[in-house]
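Given next are the chains, with one letter for each unit.
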Amino acid sequence: MNVTRAQIITRGLTHCCPNCAAPTLFRRDSLFRINPRCDRCDFAFERQDDEGFFLGSMSLNYGVTIMGFLVPVMFLAFFNVISVKVAIILASVGAVVFPALFYRSSRSWWLMNYYFFFPHHLPANGGDGRRGEGRGD
Ligand SMILES: [Zn+2]
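Owing to the predicted nature of the structure, the values given are computational and were not obtained by experimental measurement.

Analysis parameters
Residues numbered from 1 in each chain as written. Predicted model: local features only at pLDDT ≥ 70, side-chain atom pairs only at ≥ 80, totals over all residues. Helix = DSSP H or I, 4+ residues; strand = E, 2+ residues; numbered from the N terminus. Rg over C-alpha atoms; globule rule 2.2 N^0.38 Å. Buried ≥ 20, exposed ≤ 12 C-beta atoms within 10 Å, placed from the backbone. Contact = placed C-beta atoms within 7 Å. Expected span 1.5 Å × (residues − 1). Axes fitted to C-alpha atoms, helices over the stretch in contact; angles between N-to-C directions. Parallel < 35°, antiparallel > 145°, perpendicular 65-115°, else oblique. Nonpolar A, V, L, I, M, F, W, Y, C, P; charged D, E, K, R; others polar. Bend = angle between axes of the 7 residues up to and from the residue. Left-handed = near helix turned anticlockwise from the far one by under 90°.

A. Here's a closer look at the overall build of the protein. Helix and strand counts for the protein come out as 3 helices and 0 strands. For the protein, the N- to C-terminal ordering of α and β elements is α-α-α. Computed over C-alpha atoms, the radius of gyration of the protein comes to 18 Å, more than 25% over the 14 Å expected from 2.2 N^0.38 for 137 residues, which places it beyond the range of a compact globule. If you line up the protein on its principal axes, its C-alpha atoms span 55 × 35 × 25 Å. Among the 137 residues that make up the protein, the fraction classed as buried is 16%. Taking the contacts inside the protein whose residues are at least 6 apart along the sequence as the reference set, 50% of them involve residues at least 24 apart.

B. Region of the structure containing helix 3 (residues 84-117). Compared with an ideal rise of 1.5 Å per residue, which puts 34 residues at 50 Å, helix 3 spans 42 Å between its outermost C-alpha atoms and falls more than 12% short. Packing partners of the buried residues in helix 3 comprise helix 1 (5-13) and helix 2 (55-78).

C. Quick peek at the packing of helix 1 against helix 3. Remark: helix 1 packs on helix 3, axes separated minimally by 8 Å, with the N-to-C direction vectors making an angle of 170°. For the element pair helix 1 / helix 3, the angle class is roughly antiparallel. Between helix 1 and helix 3, the residues in contact are Arg5, Ile8, Ile9, Arg11 and Gly12 and Ser108, Trp109, Leu111, Met112, Tyr115 and Phe116, respectively. Counted by class, the contact of helix 1 with helix 3 contains 7 nonpolar, 2 polar and 2 charged residues.

D. Structural context of the environment of glutamate 46. Assignment of secondary structure puts glutamate 46 in the loop between helix 1 and helix 2. When the 13 C-beta atoms within 10 Å are taken as the criterion, glutamate 46 is described as partly exposed. Each C-alpha atom of the pair glutamate 46 and asparagine 35 lies 7.7 Å from the other, and the pair is 11 residues apart in sequence. Here glutamate 46 is in contact with Ile34 and Pro36, once residues within four sequence places are set aside.

E. Local environment of the environment of leucine 70. Structurally, leucine 70 can be placed in helix 2. Sequence separation between leucine 70 and threonine 24 is 46 residues, and the spatial gap between their C-alpha atoms is 31 Å. Residue contacts for leucine 70: discarding those within four places in its chain leaves Thr65, Ala91, Gly94 and Ala95.

F. Expanded view of helix 2. Between its first and last C-alpha, helix 2 extends 33 Å over 24 residues, near the 34 Å set by a 1.5 Å rise per residue. Of all the bends found along helix 2, the most pronounced is centred on isoleucine 66 and spans about 30°. If you check which residues of helix 2 are buried, you get Ser57, Asn61 and Thr65. The secondary structure elements touched by the buried residues of helix 2 are helix 3. Directly beyond the C-terminal end of helix 2, a positive phi value near 60° is found at asparagine 80.

G. Focus on the packing of helix 2 against helix 3. Two elements in contact, helix 2 and helix 3, have axes separated by 8 Å at closest approach and are oriented at 150°. Comparing their axes, helix 3 and helix 2 come out roughly antiparallel. Crossing of helix 2 over helix 3 shows right-handed handedness. The class makeup of the residues in the contact of helix 2 with helix 3 is 19 nonpolar, 6 polar and 1 charged.

And the structure:
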């Protein structure tokens, strides 16, 4: 295997292409738009027939927002470190801002998660990218 799981994790944490490690996952002219393909190796990040793939990244973003931000704010208020009023303001603002700030990472982490479990699907490892369900793979 040319690309190891450790490399897939490193590339996912740094928002790089899981196939060739180029920093091409996101468009340079936009904060939130993912490139459809890698500029260096032509690896398809998004596929026409697999539109729901990145819904998992939204679930990941939601979970991290709750467990990484909202629950700690709730505990700070519960143990009287901050007032309830401050906690409500923090939670209200954070529930909008935190997912936006974590958006790029959630996309990259979701891609990393997929190829961590299916590294043989990477073209660099002899695969042909993500495969659809029901096709025997
Ligand atoms: Zn690439």
